[in-house]
Amino acid sequence: MNFQQLRSVREAQRRNFNLTEVAQALFTSQPGVSRQIRELEEELGIDLFVRAGKRLTGLTEPGAHVLPIIERLLLEADNLKHAADDFATSGSGLLRVAATHSQARYALPPAVRDFRLQHPDVSLQLHQGSPQQIAQWLLRGEADVGIATEALAQYPDLIALPCYRWTHVVIVPQGHALAEQPLTLERLAREPIITYEPGYTGRSHIDEAFAAAGLAPQIALSAMDADVIKTYVELGLGVGIVASIAFDAERDRGLLALDARHLFADNMTRIAVRRSAYLRDYVYAFIQTFAPPLERAAVERARGE
(Lines give C-alpha, C1' and ligand atoms only; values in the text may rest on other atoms or scores of the structure.)
Protein backbone atom coordinates (compact mmCIF):
# COMPACT_ATOMS: atom_id res chain seq x y z
CA MET A 1 0.00 0.00 0.00
CA ASN A 2 1.36 3.45 -0.91
CA PHE A 3 0.19 7.05 -1.02
CA GLN A 4 -0.05 7.12 -4.82
CA GLN A 5 -2.61 4.32 -4.67
CA LEU A 6 -4.59 6.20 -2.05
CA ARG A 7 -4.46 9.44 -4.05
CA SER A 8 -5.66 7.62 -7.17
CA VAL A 9 -8.71 6.30 -5.31
CA ARG A 10 -9.48 9.68 -3.74
CA GLU A 11 -9.17 11.58 -7.02
CA ALA A 12 -11.29 9.02 -8.87
CA GLN A 13 -14.17 9.83 -6.55
CA ARG A 14 -13.51 13.59 -6.67
CA ARG A 15 -13.31 13.64 -10.48
CA ASN A 16 -16.59 11.77 -10.91
CA PHE A 17 -14.73 8.56 -11.85
CA ASN A 18 -13.18 10.11 -14.95
CA LEU A 19 -9.73 8.50 -15.06
CA THR A 20 -8.47 10.92 -17.74
CA GLU A 21 -9.05 13.83 -15.35
CA VAL A 22 -7.57 11.82 -12.46
CA ALA A 23 -4.40 11.22 -14.48
CA GLN A 24 -4.13 14.93 -15.30
CA ALA A 25 -4.62 15.92 -11.65
CA LEU A 26 -1.93 13.47 -10.48
CA PHE A 27 0.46 14.19 -13.38
CA THR A 28 0.53 10.58 -14.50
CA SER A 29 -1.05 8.35 -17.17
CA GLN A 30 -4.51 6.83 -17.24
CA PRO A 31 -3.13 3.26 -17.34
CA GLY A 32 -0.97 4.16 -14.35
CA VAL A 33 -4.03 5.31 -12.40
CA SER A 34 -5.93 2.14 -13.27
CA ARG A 35 -2.98 0.02 -12.15
CA GLN A 36 -2.65 1.87 -8.83
CA ILE A 37 -6.36 1.41 -8.07
CA ARG A 38 -6.34 -2.26 -9.05
CA GLU A 39 -3.23 -2.98 -6.96
CA LEU A 40 -4.82 -1.43 -3.88
CA GLU A 41 -8.03 -3.41 -4.43
CA GLU A 42 -6.02 -6.62 -4.72
CA GLU A 43 -4.12 -5.86 -1.51
CA LEU A 44 -7.33 -5.05 0.38
CA GLY A 45 -9.18 -8.00 -1.13
CA ILE A 46 -12.25 -5.92 -2.11
CA ASP A 47 -13.50 -3.97 -5.12
CA LEU A 48 -13.67 -0.26 -4.33
CA PHE A 49 -15.39 0.76 -7.58
CA VAL A 50 -18.31 -0.39 -9.67
CA ARG A 51 -17.18 -0.98 -13.27
CA ALA A 52 -18.80 -1.03 -16.69
CA GLY A 53 -16.13 -2.66 -18.82
CA LYS A 54 -12.99 -0.62 -18.15
CA ARG A 55 -14.90 2.45 -16.94
CA LEU A 56 -15.50 3.30 -13.30
CA THR A 57 -19.12 4.22 -12.66
CA GLY A 58 -19.34 4.55 -8.87
CA LEU A 59 -18.22 3.34 -5.47
CA THR A 60 -19.07 -0.12 -4.20
CA GLU A 61 -20.49 -0.46 -0.69
CA PRO A 62 -17.03 -1.42 0.67
CA GLY A 63 -15.55 1.49 -1.30
CA ALA A 64 -17.96 3.94 0.33
CA HIS A 65 -16.78 2.73 3.77
CA VAL A 66 -13.08 2.78 2.87
CA LEU A 67 -12.97 6.20 1.17
CA PRO A 68 -13.32 8.27 4.39
CA ILE A 69 -10.39 6.32 5.87
CA ILE A 70 -8.31 7.09 2.78
CA GLU A 71 -9.25 10.77 3.08
CA ARG A 72 -8.11 10.82 6.71
CA LEU A 73 -4.81 9.08 5.92
CA LEU A 74 -3.97 11.58 3.19
CA LEU A 75 -5.00 14.56 5.30
CA GLU A 76 -2.81 13.33 8.16
CA ALA A 77 0.06 12.89 5.70
CA ASP A 78 -0.39 16.58 4.79
CA ASN A 79 -0.42 17.45 8.49
CA LEU A 80 2.87 15.59 8.94
CA LYS A 81 4.47 17.54 6.11
CA HIS A 82 3.17 20.88 7.44
CA ALA A 83 4.49 20.09 10.91
CA ALA A 84 7.92 19.27 9.50
CA ASP A 85 7.89 22.40 7.34
CA ASP A 86 7.29 24.53 10.43
CA PHE A 87 10.72 23.52 11.68
CA ALA A 88 12.57 23.08 8.39
CA THR A 89 11.35 26.26 6.65
CA SER A 90 10.19 28.48 9.48
CA GLY A 91 8.48 31.65 8.25
CA SER A 92 8.13 30.60 4.62
CA GLY A 93 5.68 28.51 2.68
CA LEU A 94 2.32 28.64 0.94
CA LEU A 95 -0.96 29.93 2.38
CA ARG A 96 -4.15 29.10 0.46
CA VAL A 97 -7.04 31.40 1.33
CA ALA A 98 -10.54 30.72 -0.04
CA ALA A 99 -13.13 33.49 0.08
CA THR A 100 -16.34 34.63 -1.52
CA HIS A 101 -16.19 37.40 -4.12
CA SER A 102 -17.38 40.04 -1.66
CA GLN A 103 -14.85 39.08 1.00
CA ALA A 104 -12.01 38.90 -1.53
CA ARG A 105 -12.89 42.26 -3.05
CA TYR A 106 -13.76 44.35 0.00
CA ALA A 107 -12.69 42.74 3.30
CA LEU A 108 -9.47 40.89 2.46
CA PRO A 109 -7.21 43.50 0.78
CA PRO A 110 -6.11 45.33 3.97
CA ALA A 111 -5.40 42.02 5.74
CA VAL A 112 -3.46 40.66 2.76
CA ARG A 113 -1.42 43.86 2.56
CA ASP A 114 -0.56 43.80 6.28
CA PHE A 115 0.17 40.07 6.29
CA ARG A 116 2.52 40.36 3.31
CA LEU A 117 4.45 43.14 5.05
CA GLN A 118 4.91 40.94 8.13
CA HIS A 119 5.49 37.64 6.29
CA PRO A 120 7.21 38.42 2.97
CA ASP A 121 8.41 34.82 2.53
CA VAL A 122 4.90 33.35 2.57
CA SER A 123 3.31 32.97 -0.86
CA LEU A 124 -0.45 33.59 -0.92
CA GLN A 125 -2.94 31.84 -3.17
CA LEU A 126 -6.44 33.34 -3.24
CA HIS A 127 -9.34 31.14 -4.38
CA GLN A 128 -12.82 32.58 -4.92
CA GLY A 129 -16.02 30.57 -4.79
CA SER A 130 -19.37 30.02 -3.15
CA PRO A 131 -19.56 29.31 0.60
CA GLN A 132 -20.30 25.67 -0.21
CA GLN A 133 -17.25 25.44 -2.48
CA ILE A 134 -15.09 27.06 0.18
CA ALA A 135 -16.26 24.51 2.76
CA GLN A 136 -15.44 21.63 0.41
CA TRP A 137 -11.98 23.02 -0.38
CA LEU A 138 -11.25 23.20 3.34
CA LEU A 139 -12.56 19.69 4.00
CA ARG A 140 -10.49 18.26 1.13
CA GLY A 141 -7.33 20.04 2.26
CA GLU A 142 -7.25 22.24 -0.85
CA ALA A 143 -7.45 25.47 1.20
CA ASP A 144 -5.96 26.38 4.57
CA VAL A 145 -8.36 29.17 5.54
CA GLY A 146 -11.88 29.96 4.36
CA ILE A 147 -13.79 33.23 4.71
CA ALA A 148 -17.52 33.60 4.05
CA THR A 149 -20.74 34.84 5.61
CA GLU A 150 -22.96 31.83 5.05
CA ALA A 151 -22.63 28.04 5.29
CA LEU A 152 -19.25 27.59 7.01
CA ALA A 153 -20.76 27.12 10.49
CA GLN A 154 -22.93 24.27 9.18
CA TYR A 155 -20.05 21.79 8.79
CA PRO A 156 -19.06 19.88 11.97
CA ASP A 157 -15.57 19.12 10.61
CA LEU A 158 -14.82 22.84 10.30
CA ILE A 159 -14.07 25.35 13.03
CA ALA A 160 -15.86 28.53 11.92
CA LEU A 161 -14.94 31.50 14.09
CA PRO A 162 -16.91 34.78 14.07
CA CYS A 163 -14.99 37.78 12.71
CA TYR A 164 -17.30 40.77 12.35
CA ARG A 165 -20.94 41.72 11.90
CA TRP A 166 -22.20 43.75 8.97
CA THR A 167 -25.46 45.00 7.47
CA HIS A 168 -26.98 45.53 4.05
CA VAL A 169 -27.68 48.79 2.26
CA VAL A 170 -30.10 49.52 -0.55
CA ILE A 171 -28.42 51.32 -3.43
CA VAL A 172 -30.33 53.49 -5.88
CA PRO A 173 -29.43 56.06 -8.54
CA GLN A 174 -29.18 59.63 -7.30
CA GLY A 175 -32.65 61.21 -7.14
CA HIS A 176 -34.54 57.90 -6.88
CA ALA A 177 -37.99 58.03 -5.27
CA LEU A 178 -37.00 55.48 -2.58
CA ALA A 179 -34.68 58.09 -1.07
CA GLU A 180 -37.48 60.60 -0.57
CA GLN A 181 -39.37 58.75 2.20
CA PRO A 182 -38.48 56.32 5.00
CA LEU A 183 -37.38 52.99 3.57
CA THR A 184 -39.78 50.08 4.18
CA LEU A 185 -40.00 46.53 2.92
CA GLU A 186 -43.37 47.34 1.33
CA ARG A 187 -41.90 50.16 -0.75
CA LEU A 188 -38.85 48.06 -1.61
CA ALA A 189 -40.99 45.11 -2.73
CA ARG A 190 -42.59 47.29 -5.44
CA GLU A 191 -39.22 47.83 -7.11
CA PRO A 192 -37.28 45.41 -9.31
CA ILE A 193 -34.46 44.19 -7.04
CA ILE A 194 -30.88 43.30 -7.95
CA THR A 195 -29.03 41.41 -5.24
CA TYR A 196 -26.87 38.41 -4.42
CA GLU A 197 -27.48 34.86 -5.54
CA PRO A 198 -29.00 32.52 -2.94
CA GLY A 199 -26.34 31.31 -0.52
CA TYR A 200 -24.14 34.41 -0.91
CA THR A 201 -23.44 37.41 1.28
CA GLY A 202 -26.45 37.35 3.58
CA ARG A 203 -29.03 36.62 0.89
CA SER A 204 -30.87 34.30 3.30
CA HIS A 205 -31.58 37.23 5.65
CA ILE A 206 -32.99 39.26 2.76
CA ASP A 207 -35.34 36.43 1.76
CA GLU A 208 -36.35 35.81 5.39
CA ALA A 209 -37.26 39.47 5.94
CA PHE A 210 -39.59 39.60 2.94
CA ALA A 211 -41.13 36.23 3.78
CA ALA A 212 -41.79 37.27 7.40
CA ALA A 213 -43.59 40.37 6.11
CA GLY A 214 -45.68 38.30 3.69
CA LEU A 215 -44.11 40.02 0.67
CA ALA A 216 -42.85 38.57 -2.61
CA PRO A 217 -39.96 40.73 -3.89
CA GLN A 218 -39.35 41.17 -7.62
CA ILE A 219 -35.84 39.76 -8.06
CA ALA A 220 -34.89 41.16 -11.45
CA LEU A 221 -31.31 39.90 -11.40
CA SER A 222 -28.98 38.10 -8.98
CA ALA A 223 -25.19 37.94 -9.02
CA MET A 224 -22.24 36.89 -6.85
CA ASP A 225 -20.41 40.20 -7.00
CA ALA A 226 -21.51 43.58 -5.61
CA ASP A 227 -19.71 45.42 -8.41
CA VAL A 228 -21.89 43.59 -10.94
CA ILE A 229 -25.00 44.48 -8.93
CA LYS A 230 -24.01 48.16 -8.83
CA THR A 231 -23.35 48.19 -12.57
CA TYR A 232 -26.90 47.09 -13.35
CA VAL A 233 -28.35 49.53 -10.84
CA GLU A 234 -26.50 52.29 -12.69
CA LEU A 235 -28.08 51.04 -15.93
CA GLY A 236 -31.52 51.49 -14.40
CA LEU A 237 -32.51 47.83 -14.23
CA GLY A 238 -33.58 48.06 -10.59
CA VAL A 239 -32.49 48.89 -7.05
CA GLY A 240 -29.68 46.97 -5.40
CA ILE A 241 -29.24 45.30 -2.03
CA VAL A 242 -25.56 44.82 -1.18
CA ALA A 243 -23.24 44.53 1.80
CA SER A 244 -22.60 47.94 3.33
CA ILE A 245 -18.84 47.43 2.94
CA ALA A 246 -19.33 47.21 -0.84
CA PHE A 247 -20.48 50.83 -1.16
CA ASP A 248 -17.96 53.64 -1.40
CA ALA A 249 -19.46 57.12 -1.77
CA GLU A 250 -16.35 58.44 -3.51
CA ARG A 251 -16.09 55.59 -5.99
CA ASP A 252 -19.83 55.07 -6.53
CA ARG A 253 -20.68 58.71 -7.16
CA GLY A 254 -23.72 58.05 -9.31
CA LEU A 255 -25.37 55.98 -6.60
CA LEU A 256 -26.88 56.58 -3.19
CA ALA A 257 -26.81 54.08 -0.28
CA LEU A 258 -29.88 53.83 1.95
CA ASP A 259 -29.38 52.30 5.41
CA ALA A 260 -31.29 49.00 5.57
CA ARG A 261 -30.19 47.67 8.96
CA HIS A 262 -33.76 48.11 10.25
CA LEU A 263 -35.08 45.87 7.44
CA PHE A 264 -32.66 42.94 7.39
CA ALA A 265 -30.93 41.01 10.18
CA ASP A 266 -27.23 41.52 10.82
CA ASN A 267 -24.83 39.12 9.13
CA MET A 268 -21.74 37.42 10.56
CA THR A 269 -18.61 36.85 8.53
CA ARG A 270 -16.66 33.82 9.72
CA ILE A 271 -13.16 32.50 9.15
CA ALA A 272 -12.85 28.73 9.08
CA VAL A 273 -10.20 26.01 9.20
CA ARG A 274 -10.48 22.24 9.06
CA ARG A 275 -10.87 20.90 12.59
CA SER A 276 -8.16 18.24 12.17
CA ALA A 277 -5.69 20.32 10.12
CA TYR A 278 -2.20 21.16 11.35
CA LEU A 279 -1.94 24.96 11.22
CA ARG A 280 1.44 26.46 10.58
CA ASP A 281 2.48 29.52 12.59
CA TYR A 282 1.76 31.90 9.74
CA VAL A 283 -1.80 30.56 9.41
CA TYR A 284 -2.51 31.71 12.96
CA ALA A 285 -0.86 35.03 12.09
CA PHE A 286 -3.08 35.50 9.05
CA ILE A 287 -6.23 34.74 11.04
CA GLN A 288 -5.33 37.38 13.62
CA THR A 289 -4.42 39.89 10.90
CA PHE A 290 -7.88 39.48 9.39
CA ALA A 291 -9.69 39.38 12.75
CA PRO A 292 -7.49 40.88 15.53
CA PRO A 293 -9.50 39.38 18.44
CA LEU A 294 -8.75 35.88 17.13
CA GLU A 295 -5.36 35.44 18.74
CA ARG A 296 -3.66 32.06 18.48
CA ALA A 297 -4.81 31.02 21.96
CA ALA A 298 -8.45 31.73 21.05
CA VAL A 299 -8.20 29.66 17.87
CA GLU A 300 -6.53 26.79 19.73
CA ARG A 301 -9.25 26.83 22.39
CA ALA A 302 -11.93 26.64 19.70
CA ARG A 303 -10.14 23.63 18.22
CA GLY A 304 -9.96 21.94 21.64
CA GLU A 305 -6.16 22.13 21.86
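Calculation notes
- Residues numbered from 1 in each chain as written.
- Predicted model: local features only at pLDDT ≥ 70, side-chain atom pairs only at ≥ 80, totals over all residues.
- Heavy atoms only, no water.
- Phe/Tyr/Trp six-rings, centres within 6.5 Å; stacked < 30°, edge-to-face > 60°.
- Helix = DSSP H or I, 4+ residues; strand = E, 2+ residues; numbered from the N terminus.
- Buried < 20%, exposed > 50% of the residue type's maximum accessible area, 1.4 Å probe, protein only.
- Pairing = 2+ DSSP bridges.
- Axes fitted to C-alpha atoms, helices over the stretch in contact; angles between N-to-C directions.

Some details on the packing of aromatic side chains
For any two aromatic rings, the description comes down to two numbers: the centre-to-centre distance and the angle of the planes.
In step 1: Applying the stated rule across the entire model yields four aromatic pairs.
In step 2: Both rings, one in Phe17 and one in Phe49, keep their centres 6.0 Å apart while their planes meet at 75°; by these two values the pair is edge-to-face. Within this pair, whereas Phe17 is found in the loop between α1 (3–14) and α2 (19–25), its partner Phe49 is found in strand β1 (residues 49–52), the two being separated by 32 residues in sequence.
In step 3: Of the residues examined, Phe17 reaches a relative accessible area of 16% and is grouped as buried.

Digging into the sheet that holds strand β4 (residues 122–128)
Strands in a sheet are paired, the pairing made by backbone hydrogen bonds, and the direction either parallel or antiparallel.
In step 1: The five strands lie next to each other as β4-β3-β5-β12-β6, forming an open sheet whose pairing is mixed. Two strands lie at the open edges of the sheet, namely β4 and β6 (158–166), each paired on one side alone. Each strand of the sheet is rotated relative to its neighbour by a mean of 20°, with strand direction disregarded.
In step 2: Looking at chain direction, β6 and strand β12 (residues 267–274) are connected through eight bridges and run antiparallel.

Quick look at the environment of Thr100
In step 1: Position of Thr100 among the secondary structure elements: in the loop between β3 (93–99) and α5 (101–118).
In step 2: Judged by its relative accessible area of 3%, Thr100 is buried.
In step 3: Thr100 sits 124 residues away from Met224 along the chain, and the two C-alpha atoms are 8.3 Å apart.

Topic: the pairing of β12
In step 1: Most of β12 sits out of view: seven of its eight residues are buried.
In step 2: The pairing of strand β5 (residues 145–148) with β12 spans three bridges and is classified as antiparallel. Its bridge partner being in β12, Gly146 is matched across the sheet by Ala272.

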